[in-house]
Amino acid sequence: MRSPLTGGLACARANPIPVIARPLVANNAPVIAPSILSADFGRLAAEVAAVQRDGADWIHVDVMDGHFVPNITIGPPVVNAVRKATDRVVDVHLMISNPDAFIDDFAAAGADIITVHAEACVHLQRTLSRIRALGKAAGVSLNPHTHESVLEYVIRDCDLVLLMTVNPGFGGQRFLGQVVPKIAAVRRMIEAHSASACIEVDGGIAPGTVAPVVSAGARALVAGSAIFSQPDYAAAIRTLRGEALATLDGTPA
Ligand code: DX5
Ligand code: ZN
């Protein structure tokens, strides 16, 4: 079963074409998505199990190809290992060129959400449709400098918009505050189109940066170093969720 708190995905893992519950985020609840980029890869299954036990809603998996971003990480076999280690939503962030060539492989590996970068897609609407046709939630990510207008004609094809708050490629970078107005602009776009995409942010999310992004409209919070560099994962996740909930208390839904 998926986390009832977040809506999750109403599918049995054995089902070859899972049925996705939309929207991804239920009741405006914040989602905490630890990024395994900062985990101990030698103990990956144990790390995933630990953050699941300690309150993670989604497990965020950063796929890098050394071409779209200046770093190389992992591919479908590792996503499949994560899949086997958790029943939480597996949130796969593809920082790769030509993602169309690999989407089917990541879907087969057990990803629940597949997010591509708009900068890497020539036919973005086709790519999003393909992800949904595979029974997965479709996400689009924008680098910090990319204008939100690229989403205007595909916003209803998206289950998730992932706004990078660092330049993608590495964990532990400084949060770029100039992205905050873009979060608010995407939120307005989603509302204007009566769309249901969830806004996720990624990069430098830590105590102190949660409040501005949640206030602007982000609900899914990716955090790598702010969780895995801490001795107590449960406390780190509680702190992030607490800041999000406190912000939501003072923010109209
Ligand atoms: C960056 C990745 C992030 C990264 C975030 O390219 O997409 O998911 O793990 O790391 P922190 O939270 O340390 O900034
Ligand atoms: Zn990421």
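Residues numbered from 1 in each chain as written. Chains lettered and ligands numbered in written order. Predicted model: local features only at pLDDT ≥ 70, side-chain atom pairs only at ≥ 80, totals over all residues. Heavy atoms only, no water.

Asks: I would appreciate a short explanation of the confidence of the model for the protein chain in the present structure.
Replies: Note: predicted coordinates in regions of low pLDDT should not be interpreted at a detailed level. Considering every residue of the protein chain, the mean pLDDT works out to 93; 91% of them sit at 70 or more. Of the regions scoring below 50 in pLDDT, residues 1-18 engages in 45 contacts with residues more than four places distant in sequence or in other chains. (pLDDT = per-residue confidence, 0-100. Contact = heavy atoms within 4.5 Å.)

Asks: Is there a simple way to think about the site of ligand 1 in this case?
Replies: Looking at ligand 1, there are 20 residues lining it, with Asp-62, Gly-169, Asp-202, Gly-224 and Ser-225 nearest. Between ligand 1 and Gly-204, the relevant distance is 2.8 Å, taken from an oxygen atom to a main-chain nitrogen or oxygen of the residue. Measuring from an oxygen atom of ligand 1, one finds a backbone N or O atom of Gly-224 at 2.8 Å. For ligand 1, the protein covers 100% of the area, taking 390 Å² as the surface of the free molecule. (Near = heavy atom within 4 Å. Polar contact = N/O pair within 3.5 Å; in protein donor to acceptor, adjacent residues only side chain to side chain. Areas by Shrake-Rupley, 256 points an atom, 1.4 Å probe, with all protein chains shown as cover.)

Asks: Whenever I open this one, the nonpolar core confuses me. Can you help?
Replies: The nonpolar side chains of a soluble globular protein tend to be buried, and buried together. The biggest cluster of nonpolar side chains holds 69 residues, and the ones touching the most others in it are Ile-36, Val-61, Val-92, Val-213, Leu-221 and Ile-227. Broken down by element, this core gets its largest block of residues, six residues, from helix α8 (residues 233-249). The contact partners of Val-61, leaving out residues within four places of it in the chain, are Ile-36, Ile-74, Val-79, Val-82, Val-90, Asp-91, Val-92 and His-93. (Core = buried A, V, L, I, M, F, W, Y, C linked by side-chain atoms within 4.5 Å. Buried < 20%, exposed > 50% of the residue type's maximum accessible area, 1.4 Å probe, protein only. Helix = DSSP H or I, 4+ residues; strand = E, 2+ residues; numbered from the N terminus.)

Asks: Which parts of the structure should I look at to understand the coordination of the zinc ion (ligand 2)?
Replies: As a benchmark, a tetrahedral metal site with four donors has ideal angles of 109.5 degrees, while an octahedral site with six donors has ideal angles of 90 or 180 degrees. Note on the zinc ion (ligand 2): its protein donors are His-60 (NE2), Asp-62 (OD), His-93 (ND1) and Asp-202 (OD). The metal-donor distances range over 2.0 to 2.3 Å. Here the zinc ion (ligand 2) binds six donor atoms, and the angle range of 67 to 166 degrees at the metal identifies the geometry as octahedral. All donors of the zinc ion (ligand 2) belong to a single chain; written as a sequence motif, their spacing is H-x1-D-x30-H-x108-D. Of this pair, His-60 sits in strand β2 (residues 58-64) while His-93 sits in strand β3 (residues 89-95), placing them 33 residues apart in sequence. (Donors = N, O, S within 2.8 Å, 3.2 Å for Na, K, Ca; no water. Tetrahedral: all angles 85-135°; square planar, octahedral: opposite > 155°, others 65-115°.)

Asks: Looking at this structure, I do not really get the sheet that holds β3. What am I missing?
Replies: Picture the strands of a sheet paired through backbone hydrogen bonds; they go either parallel or antiparallel. Strand order across the open sheet formed by eight strands is β1-β8-β7-β6-β5-β4-β3-β2, with parallel pairing between neighbours. The open sheet has two edge strands, β1 (31-34) and β2, and neither has a second partner. Pairwise comparison of adjacent strand axes, ignoring direction, gives a mean angle of 25 degrees for this sheet. Pairing analysis gives four bridges linking strand β5 (residues 137-142) to strand β6 (residues 160-164), with the strands arranged parallel. Counterpart to Val-140 in the pairing with β6 is Val-161. The sheet strands contacting helix α4 (residues 124-133) are β4 (113-117) and β5, and the helix crosses β5 at an angle near 145 degrees. (Pairing = 2+ DSSP bridges. Axes fitted to C-alpha atoms, helices over the stretch in contact; angles between N-to-C directions.)

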